[in-house]
Amino acid sequence: MQELDKQKTIDILNAIMEFELAGVVRYTHYSLMVTGPNRIPIVNFFKAQASESLLHAQQVGEILTGLDGHPSLKIAPMEETYEHTVKNILAESLFHENKALDLYKTLLDTVSNASIYLEEFARGMIGQEEMHSLELKKMLRDFS
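Described below are features of the structure shown in this document. (Residues numbered from 1 in each chain as written. Predicted model: local features only at pLDDT ≥ 70, side-chain atom pairs only at ≥ 80, totals over all residues. Heavy atoms only, no water.)

Quick notes on the layout of surface pockets
Considered as a void within the structure, the largest pocket measures approximately 310 Å³ in volume. Around the largest pocket, the lining comprises 14 residues; the ones closest to its centre are Phe 19, Arg 26, Pro 77, Glu 79 and Phe 95. Among the elements that take part in the lining of the largest pocket, helix α3 (residues 86-111) stands out by supplying 5 residues, more than any other. Considered class by class, the residues forming the lining of the largest pocket number 7 nonpolar, 2 polar and 5 charged. (1 Å grid on protein atoms, 1.4 Å probe; cavity = no way out; pocket = protein on both sides within 12 Å on 5 of 7 lines; lining within 4 Å. Points joined across faces, edges and corners; volume = space filled by probe spheres on them. Helix = DSSP H or I, 4+ residues; strand = E, 2+ residues; numbered from the N terminus. Nonpolar A, V, L, I, M, F, W, Y, C, P; charged D, E, K, R; others polar.)

Here it is in structure tokens:
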């Protein structure tokens, strides 16, 4: 096995944490903006996504501090489109999930062959983000 590039790993983990915390804000906002006859199940979906993003940020923060890193107090930049149709919100969510997927893939590339634990963590998160993307794609099908 190779040696873990600790600083690069910490930097990536901080970027992930900032992104996951932005997800908490994003999904909470979306849950408040949904209207229409299917509001309740979609609101519940977004509330669950917000809770999961917080859990992911906490998990990443625990790993960060375990590596002697300092968790960021920032959140990733978020754009407000003011487009709050369900279709637009779902499309923005898919974009967000794909960006999270890219961040976890970057983590995997960085820790591969250097830390089995971090590899497995990254793989598990990649699996979850891929599942979210598939769900959002299915939710968007009725809008095309």
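Considerations on empty space enclosed by the protein
Tallied over the entire structure, the rule returns 1 cavity of 30 Å³ or more. Counted as a void, the largest cavity has a volume near 60 Å³. If you trace the largest cavity, you find it lined by Phe 19, Glu 20, Tyr 27, Gln 49, Glu 52, Ser 53, His 56, His 96, Glu 97, Ala 100, Glu 129 and His 132. Of all the secondary-structure elements, those providing two or more residues to the lining of the largest cavity are α1 (6-33), α2 (39-66), α3 and α4 (116-140). Counting residues per element, the lining of the largest cavity draws most heavily on α2, at 4 residues.

Some details on a nonpolar patch on the surface
Together, Val 25, Ile 75 and Met 78 line one region of the surface with nonpolar side chains, adding up to about 220 Å² of accessible area. Residue class for Val 25 comes out partly exposed when judged on its relative accessible area of 39%. (Patch = residues over 30% accessible without salt bridge, like charges linked within 9 Å, V, L, I, M, F, W, Y side chains within 5 Å. Areas by Shrake-Rupley, 256 points an atom, 1.4 Å probe, with all protein chains shown as cover. Salt bridge = Lys/Arg side-chain N within 4 Å of Asp/Glu carboxyl O. Buried < 20%, exposed > 50% of the residue type's maximum accessible area, 1.4 Å probe, protein only.)

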